[in-house]
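Fold and geometry: a report
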Amino acid sequence: MTLSTSSARVDNIRHSLVGLKMPRALEMLDATLRQIEQGQIDGIEAIDVLLTEELFLRENRRIKAALRMARLPVVKTIAGFDFSFQPSLDRNRIMALAGLDFIDRAEVVHLLGPPGTGKSHLATALAVEAVRAGKSVYFIPLADLVAILAKAEREGTLREKIRFLCRCSLLVVDEIGYLPVTPGGGNLFFQLVNARYEKGAMILTSNRGFAEWGEVFGDPVVATALLDRLLHHAVVVQIEGSSYRMRQHASLLPDTMRTTSHITPNPPKRRGRPSAKEKHDQDQG
Ligand code: ADP
Ligand code: MG
């Protein structure tokens, strides 16, 4: 090949890379050609370098955009979770969840535990794994979810909103139980849960046991109907440790806040008013 035909070819490659929207390969082209000229790499290696670099850039962009769409409040990872701080938590179970089969099976994962035990961290980390694997994810605290459903209902767009919230393959609903749900909110949440039932996976985090959901949703009938859907095809992960947030100041806290708390994940067994014992247990909890 003469010098002029080879430079015409390089121009052609440059033109193609622009047309194919491959900015990283274009940026790397001159340096890669120099490496070929200097005998450091051969043609096949050069093609490999250019394509790998371009793919890496695209993957990063895709993940960044998908993380934005997922509305994760922060990015957390499984690698960043210190399992030794939560000995009650089975690392293998979390690693199995990170394999993401639960998403294909449209299952519901419940992460239960007292505040600061890493529920949101793990939910976010699993969501990040899902995004990396190309799954669509949406993350929202329950209070915000109920607020947007109530707004949609007022504006006559509830069906569209529910359809939108059914589009992602993983819906993460964080912070069930921190705030009492506004009146009618349990019913709206039920409509969404019912629409996703056996169709789309969910991760739910809660600092309250299932027996307390009647109280959380202000309606034991709605709570029972919710749990009926949410405990069928479900994985319940119970964390029974102390708060990671407070670990450095644990010695300053009263015993009741420092010791391991326990949530009973039992669902309510009956509809209607709680028995005297259930009432007593709830008051204590
Ligand atoms: P929860 O949702 O259970 O209230 P978070 O997941 O928000 O708790 O955890 C509180 C903070 O502590 C977060 O910054 C989280 O990343 C961190 N954290 C909690 N548990 C762990 C852990 N075992 N290893 C590393 N960081 C943790
Ligand atoms: Mg949380």
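Anything mentioned here points back to the structure above.
The structure presented is a predicted model; accordingly, all values stated were derived computationally and were not measured.

Scanning the protein chain for helices and strands turns up 13 helices and five strands. Per-residue burial over the protein chain gives 39% buried out of 285 residues. Summarising the internal contacts of the protein chain: among those between residues at least 6 apart in sequence, 79% fall at separations of at least 24.

In this section: the environment of Leu100. The topology assignment puts Leu100 in the loop between α4 (91–98) and α5 (101–104). Given the relative accessible area of 6%, Leu100 is considered buried. Taking the C-alpha atoms as reference points, Leu100 and Glu129, separated by 29 residues in sequence, lie 7.9 Å from one another. With sequence-adjacent residues up to four places away left out, Leu100 is seen in contact with Leu126, Glu129, Ala130 and Ala133.

What the rule picks out here adds up to six aromatic pairs. Seen in terms of ring centroids, Phe81 and Phe83 are 4.9 Å apart; in terms of plane orientation they differ by 70°. Their pairing is edge-to-face. For Phe81, a relative accessible area of 10% puts it in the buried group. Residue class for Phe83 comes out buried when judged on its relative accessible area of 12%. Geometrically, the ring pair formed by Phe85 and Tyr244 is edge-to-face, given 4.9 Å between the ring centres and 85° between the ring planes. Placement of the pair is Phe85 in the loop between α3 (43–70) and α4 and Tyr244 in the loop between β5 (234–238) and α12 (255–258), with a sequence separation of 159 residues. Pairwise contacts between aromatic rings join Phe189, Phe210, Trp213 and Phe217 into one cluster. Above the plane of the ring of Phe83 lies Arg91, whose end atom (NZ or CZ) is 5.4 Å from the centre.

Moving on: the packing of α4 against helix α6 (residues 119–132). In contact at an axis separation of 9 Å, α4 and α6 are set at 35° when each is read in the N-to-C sense. On the side of α4, the interface is formed by Ile94, Leu97 and Ala98, while α6 contributes Leu122, Leu126 and Glu129. Among the residues forming the contact of α4 with α6, the class breakdown is five nonpolar, no polar and one charged.

Time to look at α3. Over its 28 residues, α3 runs 40 Å from end to end, which matches the ideal 40 Å to within 8%, given 1.5 Å per residue. Taken together, the buried positions of α3 are Ala46, Leu50, Glu54, Ile63, Leu67 and Ala70. Where the residues of α3 are buried, they touch α2 (23–37), α6 and β2 (137–141). One side-chain oxygen at the N-terminal end of α3 lies 3.2 Å from the backbone nitrogen of Ile44; it belongs to Asp42. Backbone geometry just downstream of α3 places Arg71 in the positive-phi region, at approximately 55°.

So, on to the site of ligand 1. Taken together, 15 residues sit near ligand 1, with Lys76, Asp82, Gly116, Lys119 and His121 positioned nearest. Here a nitrogen atom of ligand 1 sits 2.7 Å away from a polar atom, N or O, in the main chain of Asp82. Summarising the interface, the protein chains cover 87% of the accessible area of ligand 1, which totals 560 Å² for the free molecule. Residues of the shell around ligand 1, tallied by class, amount to five nonpolar, six polar and four charged.

Positioned with a positive phi, Ala106 is a non-glycine residue whose angle comes to about 55°. Checked against the element boundaries, Ala106 lands in the loop between α5 and β1 (108–112). Not every positive phi belongs to a glycine, and His233 is a case in point at roughly 55°. Position of His233 relative to the elements: it lies in the loop between α11 (220–230) and β5.

We now examine the nonpolar core. Counting residues in each nonpolar core, the largest one holds 35 residues, and the members touching the most others are Phe189 and Trp213. Among residues more than four places away in sequence, those in contact with Trp213 are Ile176, Leu204, Ser206, Arg208, Gly218, Ala223, Leu226, Leu227 and Leu230.

Those residues of α4 that fall on the buried side of the exposure criterion are Ile94, Leu97 and Ala98. Taken end-on, α4 shows its buried residues confined to a sector of 105°, consistent with a single buried face. Projecting away from the buried face of α4 at angles above 90 degrees are the exposed residues Asn92 and Ala96. Remark: Leu100 follows α4 within two positions and exhibits a positive phi of approximately 70°.

Reading the values: rules and limits
- Residues numbered from 1 in each chain as written.
- Chains lettered and ligands numbered in written order.
- Predicted model: local features only at pLDDT ≥ 70, side-chain atom pairs only at ≥ 80, totals over all residues.
- Heavy atoms only, no water.
- Helix = DSSP H or I, 4+ residues; strand = E, 2+ residues; numbered from the N terminus.
- Buried < 20%, exposed > 50% of the residue type's maximum accessible area, 1.4 Å probe, protein only.
- Contact = heavy atoms within 4.5 Å.
- Phe/Tyr/Trp six-rings, centres within 6.5 Å; stacked < 30°, edge-to-face > 60°.
- Lys NZ or Arg CZ within 6 Å of the ring centre and 35° of its normal.
- Axes fitted to C-alpha atoms, helices over the stretch in contact; angles between N-to-C directions.
- Nonpolar A, V, L, I, M, F, W, Y, C, P; charged D, E, K, R; others polar.
- Expected span 1.5 Å × (residues − 1).
- Polar contact = N/O pair within 3.5 Å; in protein donor to acceptor, adjacent residues only side chain to side chain.
- Near = heavy atom within 4 Å.
- Areas by Shrake-Rupley, 256 points an atom, 1.4 Å probe, with all protein chains shown as cover.
- Core = buried A, V, L, I, M, F, W, Y, C linked by side-chain atoms within 4.5 Å.
- Arc of directions from axis to C-beta.

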